[in-house]
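# Architecture and fold: a report
What follows is each chain in one-letter form.
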Amino acid sequence: MAEAPVSYCTPLSTSFPSTASYHTGWSILPEEVIRNIERALQNGKLLEVIPVTRAVMERVSRTPVSIAVTGESGNGMSSFVNALRDIGHEEETSAPTGVVRTTQTRACYSSSLFPNVVLWDLPGMGATTQSFENYLDEMQFSQYDLFIIIASEQFSMNHVKLAKTLKGMGKRFYVVWTKLDRDLSTSVLSHTQTQKNIRENVQENLQWEGLRDPPIFLISNLDPLLHDFPKLRDTLQKDLSNIRYHAPLEALSQICENIVNDKVTDLKERIAKERFQDFLDIRDVDDLREVLEAYRLCFGIDDQSLHQVAHCMGKMAIEYRAITKSQDLRSLCSRDWKLKVMTCLVMTVILRLLSCASCLCRPITRCIRRMRQRRILKLVAEDTKTVLKKILEDSTIPA
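Parameters at a glance
Residues numbered from 1 in each chain as written. Predicted model: local features only at pLDDT ≥ 70, side-chain atom pairs only at ≥ 80, totals over all residues. Heavy atoms only, no water. Helix = DSSP H or I, 4+ residues; strand = E, 2+ residues; numbered from the N terminus. Buried < 20%, exposed > 50% of the residue type's maximum accessible area, 1.4 Å probe, protein only. Salt bridge = Lys/Arg side-chain N within 4 Å of Asp/Glu carboxyl O. Contact = heavy atoms within 4.5 Å. Expected span 1.5 Å × (residues − 1). Arc of directions from axis to C-beta. Phe/Tyr/Trp six-rings, centres within 6.5 Å; stacked < 30°, edge-to-face > 60°. Lys NZ or Arg CZ within 6 Å of the ring centre and 35° of its normal. Pairing = 2+ DSSP bridges.

Under an unreviewed UniProt entry, the name given to the protein chain is Immunity-related GTPase family M protein-like isoform X2, and the organism recorded is Castor canadensis.

The structure is reproduced here in structure tokens:
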């Protein structure tokens, strides 16, 4: 089918990549990024992870997000586009509006209120004679990241069909009722009851098709400061951030987890061979406090390293220490029953007795020692993943 005509009303930067491919593109990170993170984690240098993740997030923050405004003709879609952009209908870059159908082709707009957002004003359903399926194809629904379904006067079956289709495509959408001012001025009911009735009507129509709890906003295109319009803006800003950062955060998190897991596998092999001195700077392998601190240093989550990371992220050190369980042996044992059993007084006495016994008992003491080491290693690795996750989340740029 031929591509729908497009009207470009406010020129956007030509350096912007395709909005259709950006999500999948960020699910696969550049090799250089992976190598830099791997080198940092292998050396236990979490501080060196920060500039790498920040560089990725800074690039991600400039990636365009496409929002489609759709619905039935005559519901005030173009007026909503102008209101969302906080510009008047008379301005040169405004979307054309009128009492007759004014949007016949897709048109895209930008706004300083939503940097790097492409706002698409789509022709309403009914503006042409094509079927619903052809409308979806011609308007290229697959390319948009978020949809705003515009309604007024009634929430029709076409609106419900749109919502059901978008849910099936895995797309996030809002329902926006745009002419609340007219409803409030003509209704004999109180303003509160009128708004309640409108909201419940939309919800009931959606629930008949198994669609529950999409965001519903009741607004007036004539005043972007009243009713649900401020809430709509806040919700949109949060969702734009989620849309941009979800894929790269997932990719970075998975990469970090894989690298930490590989490091754990390598250390477990050394533990099995009792080559503790190869990777732990300790004098007594049975001194678990010393062992714990050595593992924390090995993974870069010792107190000094966490303080440096927090300082670099502009956070208090206590925020990073609070999410770790392995700050000291006592607190770690209190949170992990397996380690608590391995380090209890009875087990310690048994281990000492076996150490003084004949050579026949040495395999038992060595087995217990390895079990302790593996358990501490596992718990420290889990804390490392938790700290890395916080570093990634703190690296995102607020809207």
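Resuming the write-up.
### What to know about unusual backbone geometry
At Asn116, a residue that is not glycine, the phi angle is positive and equals roughly 60°. Among the secondary structure elements, Asn116 is positioned in strand 4 (residues 114-121). A relative accessible area of 22% places Asn116 in the partly exposed class. Of note in the backbone geometry, Glu153 takes a positive phi value of approximately 70° without being a glycine. Considering the arrangement of structural elements, one finds Glu153 in the loop between strand 5 (146-151) and helix 6 (157-168).

### Some words on the pattern of salt bridges
Scanning all chains against the criterion turns up twelve salt bridges. A salt bridge links Arg199 to Asp228; the nearest nitrogen and oxygen atoms lie 2.9 Å apart. Taken together, the residues Arg199 in helix 8 (residues 191-207) and Asp228 in the loop between strand 7 (216-218) and helix 9 (229-272) connect sequence positions 29 residues apart. Residue Arg199 is classed as partly exposed on the basis of its relative accessible area of 26%. For Lys378, the salt bridge goes to Glu382, with nearest N and O atoms at 2.4 Å. Of the two residues, Lys378 and Glu382 are both situated in helix 16 (residues 362-395); the distance of four residues between them amounts to about one turn of the helix. A residue is classified by how much of its surface remains accessible, and Lys378, at 36% relative accessible area, is partly exposed. The class of Glu382 is partly exposed, set by a relative accessible area of 31%. One connected set of salt bridges, linked through shared partners, spans Glu293, Arg296 and Asp303.

### Looking at the side chain of Thr178
Here Thr178 is to be found in the loop between strand 6 (172-177) and helix 7 (180-186). A residue is classified by how much of its surface remains accessible, and Thr178, at 0% relative accessible area, is buried. Once residues within four sequence positions are removed from consideration, Thr178 is found in contact with Asn75, Phe80, Ile150, Ala151, Ser152, Ile219, Ser220 and Asn221.

### Let's talk about helix 8
Counted at 1.5 Å a residue, the expected span for helix 8 with its 17 residues is 24 Å, and the 24 Å between its end C-alpha atoms agrees. Within helix 8, the full set of buried residues consists of Thr194, Ile198, Val202 and Leu206. End-on, the buried residues of helix 8 take up no more than an arc of 105°, which puts them together on one face. Tucked inside the fold, the buried residues of helix 8 contact helix 6, strand 6, helix 7 and strand 7.

### What about the packing of aromatic side chains?
Tallying each qualifying case throughout the model produces seven aromatic pairs. Ring geometry for Tyr135 and Phe141: centres 5.9 Å apart, planes at 70°, overall edge-to-face. The class of Tyr135 is buried, set by a relative accessible area of 3%. Classification of Phe141 by relative accessible area gives buried; the value is 2%. Of the aromatic side chains, those joined through ring pairs into one cluster are Trp120, Tyr135, Phe141, Tyr144 and Phe147. It is Lys263 that lies over the ring of Phe299; its NZ or CZ is 4.6 Å from the centre.

### Details of the pairing of strand 2 (residues 65-71)
With seven of its seven residues buried, strand 2 lies for the most part within the structure. Side chains of strand 2 alternate between two faces, with Val65, Ile67, Val69 and Gly71 and Ser66, Ala68 and Thr70 buried alike. With five bridges connecting them, strand 2 and strand 4 associate as parallel partners. Bridge assignment links Ala68 to a residue of strand 4, and that residue is Trp120. Sheet topology places strand 2 next to strand 5; five bridges connect them, and they run parallel. In the sheet register, Gly71 faces strand 5, and the bridge partner there is Ile150.

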